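Given next are the chains, with one letter for each unit.
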Amino acid sequence: MTGFTSEGRPIPPQLIGELVDSSAHLGDGEALRISLAEHGYLLLRGVVPLGTALSARQEVLTRLADVGEIDLPGETFSGTSQRNALAPDAGEFLRSLCDGPRLRAATGDQHLGEIVSATFGEPARGHDYIYLRVAIPGRGTATHCDYPFFTRATERVLTCWLCLSDLEFKQGALYVVEGSHRWQQHIDAMRGFDLERANGARQATLSDDIAAFAQAHDTRLLTAKINAGDIMLFGMNLIHGAFDHRAPDMPVRVSCDVRWQPESEPFDPRYMAPGLGGTFGGGYGELNAAKPLTEDWHKR
Ligand SMILES: O=C(O)CCC(=O)C(=O)O
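Residues numbered from 1 in each chain as written. Predicted model: local features only at pLDDT ≥ 70, side-chain atom pairs only at ≥ 80, totals over all residues.

**Q** Can you break down the overall build of the protein chain residue by residue, with the values?
**A** In terms of regular secondary structure, the protein chain is built from 10 helices and 15 strands. Expressed along its principal axes, the backbone C-alpha trace of the protein chain runs to roughly 50 × 45 × 40 Å. Going through the 300 residues of the protein chain one by one, you find that 44% of them count as buried. Pairs at least 24 apart in sequence give 82% of the contacts found in the protein chain among residues at least 6 apart. (Helix = DSSP H or I, 4+ residues; strand = E, 2+ residues; numbered from the N terminus. Buried ≥ 20, exposed ≤ 12 C-beta atoms within 10 Å, placed from the backbone. Contact = placed C-beta atoms within 7 Å.)

Written out as structure tokens, the structure is:
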């Protein structure tokens, strides 16, 4: 596991470690909870049937091919985009992508819902507002935790990161900062941090240099080869990001993250129908995925 970069900076190989696979605990809610508490995440293989995941990816990439961004069947970035001309309402375009029946079949897969409910130990429901990501070469996600986005109504929220591609390391991969879910200083600093209410005074991004960040905290960045249908479930304090896609000749990375919480907890209306305003009230239009693939991602 070498050759990773983040924002173009190489990650020293000694900082990389392997994610623990908790798939052996599928079907045992108590064991899933213990593993989640210990590691801060659950890597669960083959949760969504492969056919469902592939069909969701096809649905997304066909729409992006229609606006000239993806070359099929190779699923590579074309280098250009006609999205602005063909779909001038960026938010509406992304909303329609996110409401694609095949993508929703994957994010709302029954087995996946049962696993998240088993992990909470009670019936759970996914937020309606979902985060689709299509990462082209050169693109990764800056290091952050999800607390400032999703804990306004309850802290009992889990992110479910669903992989829709069979990923080689070169195509970028989610990483987690080992042990960060237990860092008391970090947890204390997050408590009460609401990104939208902070109104620009504070950023969710925790560092622009993840290697220096990991070294300063004497920890590692854990990743693994992840395939279509695998999920990562993690809590709001776990620090994570995604390494850069660094293979121009390889398919784009497609994933979708959805937040889940117990049905018994209050829901944040920003992420539920009919509001769907998202974190800042801009609806789907405020997300990176609403931009043509030719445009850089913003950081929050
Ligand atoms: O897939 C990515 O690039 C990042 C995903 C992420 O940050 C999340 O699921 O919270």
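**Q** Lay out the site of the ligand in plain terms, naming residues and giving numbers.
**A** Around the ligand, a shell composed of Arg 133, Ala 135, Thr 141, Asp 146, Thr 159, Trp 161, Leu 174, His 240, Ala 242, Ser 255 and Asp 257 is seen. Looking at the shell around the ligand, the elements that each hand over two or more residues are strand 8 (131-135), strand 10 (158-163), strand 14 (240-242) and strand 15 (253-262). Grouping the constituent residues of the shell around the ligand by class yields 4 nonpolar, 4 polar and 3 charged. (Near = placed C-beta within 6 Å. Nonpolar A, V, L, I, M, F, W, Y, C, P; charged D, E, K, R; others polar.)

**Q** I'd like a description of unusual backbone geometry, backed by residues and values.
**A** For the bond from Leu 72 to Pro 73, the omega torsion is 5°, close enough to zero to count as cis. Cis geometry is found at the peptide bond from Ala 273 to Pro 274, where omega equals 5°. Structurally, Pro 274 is set in the segment after strand 15. Backbone geometry at Leu 276 places phi at a positive 50°, although glycine is not the residue there. Checked against the element boundaries, Leu 276 lands in the segment after strand 15.

**Q** With reference to specific residues and values, describe the sheet that holds strand 12 (residues 221-223).
**A** Taken together, the 5 strands give an open sheet; going across it, the order is 3-12-11-14-9, and neighbouring strands pair in mixed fashion. If you trace the sheet from one side to the other, it starts and ends with strand 3 (16-18) and strand 9 (141-144), each paired once. Taking each pair of neighbouring strands and ignoring which way they run, the sheet shows an average axis angle of 30°. Relative to strand 12, strand 11 (residues 174-177) runs antiparallel, the two sharing 2 bridges. In the sheet register, Val 177 faces strand 12, and the bridge partner there is Leu 221. (Pairing = 2+ DSSP bridges. Axes fitted to C-alpha atoms, helices over the stretch in contact; angles between N-to-C directions.)

**Q** Break down helix 1 (residues 29-39) for me, citing the residues and quoting the values.
**A** All buried positions along helix 1 are accounted for by Leu 32, Ser 35, Leu 36 and His 39. Looking down the long axis of helix 1, one finds its buried residues gathered within 100° of arc, a one-sided arrangement. In helix 1, the exposed positions angled more than 90 degrees off the buried face are occupied by Glu 30, Ala 37 and Glu 38. Buried residues belonging to helix 1 abut strand 4 (41-44), helix 6 (110-120) and strand 13 (231-235). Two residues or fewer past helix 1, Gly 40 is found with a positive phi of approximately 95°. (Arc of directions from axis to C-beta.)

**Q** Can you break down the pairing of strand 4 residue by residue, with the values?
**A** Where burial is concerned, the two faces of strand 4 agree: the one with Tyr 41 and Leu 43 and the one with Leu 42 and Leu 44 are both buried. Bridge analysis of strand 4 against strand 13 gives 4 bridges, and the strand direction is antiparallel. Opposite Tyr 41, over in strand 13, you have Phe 234 as the bridge partner.

**Q** Can you lay out helix 6 for me, pointing to particular residues and giving the numbers?
**A** All buried positions along helix 6 are accounted for by Leu 112, Ile 115, Val 116, Thr 119 and Phe 120. For helix 6, the angular spread of the buried residues around the axis is 135°, confining them to a single face. For helix 6, the secondary structure elements touched by its buried residues are helix 1, strand 4, strand 7 (124-126), strand 10, strand 13 and strand 15. Backbone geometry just after helix 6 places Gly 121 at a positive phi near 80°.

**Q** A description of the environment of Gly 74 should follow, citing residues and the corresponding values.
**A** Within the element layout of this structure, Gly 74 appears in the loop between strand 5 (70-71) and strand 6 (76-77). A residue is classified by how many C-beta atoms lie within 10 Å of it, and Gly 74, with 12 of them, is exposed. Sequence separation between Gly 74 and Ile 231 is 157 residues, and the spatial gap between their C-alpha atoms is 24 Å.

**Q** Any chance you could break down the environment of Ser 35 for me, citing the residues and the numbers?
**A** With respect to the secondary-structure elements, Ser 35 resides in helix 1. A C-alpha to C-alpha distance of 27 Å links Ser 35 and Phe 4, two positions 31 residues apart in sequence. The contact partners of Ser 35, leaving out residues within four places of it in the chain, are Ser 22, His 25 and Leu 42.

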